[in-house]
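What follows is the residue order along each chain.
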Amino acid sequence: MCDHFHSHQLYTVAQVRELDRRAIEELGVPGFELMRRAAWAALSSLRRHWPQARRIAVYCGQGNNGGDGFLLAVLAREAGLQVDVFALNEASAGDAATARQAWKDAGGAVRLWRSSDALPTVDVHVDALYGTGLRRAPETSVAALIEAINASGTPVLALDVPSGLDADTGRTPGTAIRAERTVSFIAAKRGLHTGRAANVVGSLELDALGLPESLWRDVSPDARLLMPAHLPPRLRDANKGTNGHVLAIGGEHGMAGAIRLSGEAALRTGAGLVSVATRTEHLLALNAARPELMAHGVDGPQTLEPLLARANVLAVGPGLGQGAWSHALWLTALDSGKPLVLDADGLNLLAREPRRFTQQAVLTPHPGEAARLLGGTVAEVEADRFAAARALAHRFQAVVVLKGSGSLIANPDGRLNVCPWGNPGMAAGGMGDLLTGIVAALLAQGCDAWQAASLGVGLHARAGDCAARQGERGLLATDLLAPLRALCNGIDA
Ligand SMILES: NC(=O)C1=CN([C@@H]2O[C@H](COP(=O)(O)OP(=O)(O)OC[C@H]3O[C@@H](n4cnc5c(N)ncnc54)[C@H](O)[C@@H]3O)[C@@H](O)[C@H]2O)[C@H](O)CC1
Ligand SMILES: [K+]
């Protein structure tokens, strides 16, 4: 596998087609040659991942993805593997028809798939049904084949994109192939890294098909994958004031847990000082035990003001509630002009009273909060997470973290980062509260909103992956605090 020099740059399907066009028209590499190279890349991935495989089945769609499959079959047979080829129909055209003919000329048979057919017993199923050309949910007969393949217990190698996954958005409009490995060609499609992708892509291998770096010259990627990063080393003469002061605002009566987690996370991420403005007795009672997490009883804007004056970053929303007290604090915090992170009820209050931020601001909605902020539905947000994240960043002039599988970080200027880490164990209560505190602490230590959100999401997800090494079930937010502190210091916990 070639370590693709652009593996962290993510493209839309339209951009990948533009790269294909350039390769064919400007570099003079015929489409069929690209297909042959794709087949080679796929076969070498198959041989490396399943060295014992002796018998494979290839399922070919009618488009060029199917063409890749036919040529893979030719090469696999030449390599001595036993190959069964199924096609959805006779409709291949262009390069795919040439590829199909090449398989027949090599003496290969093409069986037309019928849903009554039993799948052959093989070592690997190769999915060449749909690639970037998927337009909608696979039709019934194809869906039946996909479900049979998924149910077979035989591992799947997906060519370019697991069939049924939308390479642009990461959604699966219907059923989709669950691949153990996906080998993708020329460029990483952004839909392979968010939404439902984590369920169906398996391990992802990228192959540039031998194309020169000049091809990517001026097709700027639509998004970028986060790379591991951590905070710069501390100044030797640092004092508590050097590393900023986070004021966490929340904790309505009986809602102490969330704001406390945000405060804890801010401390573990290295904020010099963390104080909490709350009115829940529980947190106030904790002061003696946890002096580093200074909770202050606040009954309204008047008692909040002096705390605001001493802080340089605000984290607003965890356990804040949405009543009169909550709203008064929320408004005072936003009007202070201080850099802030807005989460949970802070976002719900924003949905009721939208505004464009002038200060450094980071919003951290999950899909439900994003839907409320957009005035739409969760389904609409998940239908195109990239568009939703960008729409929010533009509407509120803030950096937006759209949480979920493959969290997205959108900047009002259009830049977008994708988080490759995290796991389903993190869909537990309190995980979002940690992220709020992490991002606030990074802002407090001098990061701007874009850096704080990007670095914060990465540290949070990597801490979640470290903690999940002991199992994703039963993963608690507090389990992330120790690995978080290590990662902030560049120690791979
Ligand atoms: N373009 C290149 O130079 C290279 C492309 N590679 C491979 O080609 C595919 C993209 O091929 P394309 O023909 O555009 O699309 P697909 O094969 O993915 O298309 C499927 C085919 O089926 C039709 N279709 C789409 N959705 C449905 C549906 N839900 N139900 C029924 N039929 C559907 C659609 O009309 C298409 O014609 C790319 O992924 C690569 O695998 C080479 O590998 C590299 C060079
Ligand atoms: K495919």
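Quantities reported herein were computed from a predicted structural model and do not represent experimental measurements.

Caption draft 1: Examining empty space enclosed by the protein more closely. According to the stated counting rule, one finds 1 cavity of 30 Å³ or more in the structure shown. For the largest cavity, the full set of lining residues is Arg260, Leu283, Leu286, Asn287, Arg290, Leu293 and Ala295. Contributions of two or more residues to the lining of the largest cavity are made by α8 (281-286) and β13 (293-297). A per-class count over the lining of the largest cavity returns 4 nonpolar, 1 polar and 2 charged.

Caption draft 2: Structural context of helix α12 (residues 367-374). A large share of α12 lies buried, amounting to 6 of its 8 residues. Directly beyond the C-terminal end of α12, a positive phi value near 70° is found at Gly375.

Caption draft 3: How the structure looks around the sheet that holds strand β8 (residues 188-189). Overall, mixed pairing links the 12 strands, which are arranged β8-β1-β10-β19-β18-β17-β16-β15-β14-β11-β12-β13 in an open sheet. At either margin of the open sheet sits one strand with a lone partner, and together these are β8 and β13. Across the face of the sheet, helix α11 (residues 345-352) comes into contact with β14 (313-316), β15 (340-342) and β16 (361-363) while running at roughly 85° to β15.

Caption draft 4: Main features of the domain arrangement of the chain. Along its sequence, the chain is organised into domain 1 (9-223) and domain 2 (240-488). Here the C-alpha centroids of domain 1 and domain 2 sit 40 Å apart. Counting from both sides, the interface comprises 11 residues of domain 1 and, opposite them, 12 residues of domain 2. Carbon and sulfur atoms make up 53% of the area that domain 1 and domain 2 hide from each other, which totals about 890 Å². It is Thr169, Arg190 and Thr194 that lose the most area in domain 1 upon contact with domain 2, and together they represent 41% of the buried surface on that side. Where domain 1 touches domain 2, the interface holds 2 salt bridges. The interface formed by domain 1 and domain 2 includes 5 residue pairs in polar contact (both at pLDDT 80 or more). Classifying every residue of the side of domain 1 that touches domain 2 gives 3 nonpolar, 4 polar and 4 charged.

Caption draft 5: Geometry of the nonpolar core. Grouped together as the largest cluster of nonpolar side chains are 56 residues, with contacts concentrated most on Val246, Val362, Ile409, Leu434, Leu442 and Leu480. Per element, the largest residue contribution to this core is 11 residues, and it comes from helix α16 (residues 449-467). The residues contacting Leu442, other than those within four sequence positions of it, are Leu231, Thr269, Cys447, Ala452, Leu455, Gly456 and Leu459.

Caption draft 6: Layout of the pairing of β13. As paired strands, strand β12 (residues 273-278) and β13 are joined by 5 bridges and run parallel to one another. What sits directly across from Val274, in β13, is Leu293. Between the parallel elements β12 and β13, the chain passes through α8 in a crossover that is right-handed.

Caption draft 7: Examining the sheet that holds strand β2 (residues 55-60) more closely. Taken together, the 7 strands give an open sheet; going across it, the order is β4-β3-β2-β5-β6-β7-β9, and neighbouring strands pair in parallel fashion. The outermost strands of the open sheet, each flanked by one partner alone, are β4 (111-112) and β9 (203-207). Where strand β3 (residues 82-87) lies against β4, 2 bridges are found, and the strand directions are parallel. Looking across to β4, one finds that Phe86 is bridged to Arg111.

Caption draft 8: How the structure looks around the side chain of His193. Considering the arrangement of structural elements, one finds His193 in the loop between β8 and α6 (197-200). The exposure class of His193 is buried, given its relative accessible area of 17%. Those residues in contact with His193, other than ones at most four positions away along the chain, are Leu10, Ala188, Leu204, Leu225, Gly406, Val418 and Cys419.

Definitions and cut-offs
Residues numbered from 1 in each chain as written. Chains lettered and ligands numbered in written order. Predicted model: local features only at pLDDT ≥ 70, side-chain atom pairs only at ≥ 80, totals over all residues. Heavy atoms only, no water. 1 Å grid on protein atoms, 1.4 Å probe; cavity = no way out; pocket = protein on both sides within 12 Å on 5 of 7 lines; lining within 4 Å. Points joined across faces, edges and corners; volume = space filled by probe spheres on them. Helix = DSSP H or I, 4+ residues; strand = E, 2+ residues; numbered from the N terminus. Nonpolar A, V, L, I, M, F, W, Y, C, P; charged D, E, K, R; others polar. Buried < 20%, exposed > 50% of the residue type's maximum accessible area, 1.4 Å probe, protein only. Pairing = 2+ DSSP bridges. Contact = heavy atoms within 4.5 Å. Axes fitted to C-alpha atoms, helices over the stretch in contact; angles between N-to-C directions. Domains from an automatic or database assignment. Buried area = accessible area lost by both parts, 1.4 Å probe. Salt bridge = Lys/Arg side-chain N within 4 Å of Asp/Glu carboxyl O. Polar contact = N/O pair within 3.5 Å; in protein donor to acceptor, adjacent residues only side chain to side chain. Core = buried A, V, L, I, M, F, W, Y, C linked by side-chain atoms within 4.5 Å. Right-handed = clockwise from strand over helix to strand, strands pointing away.

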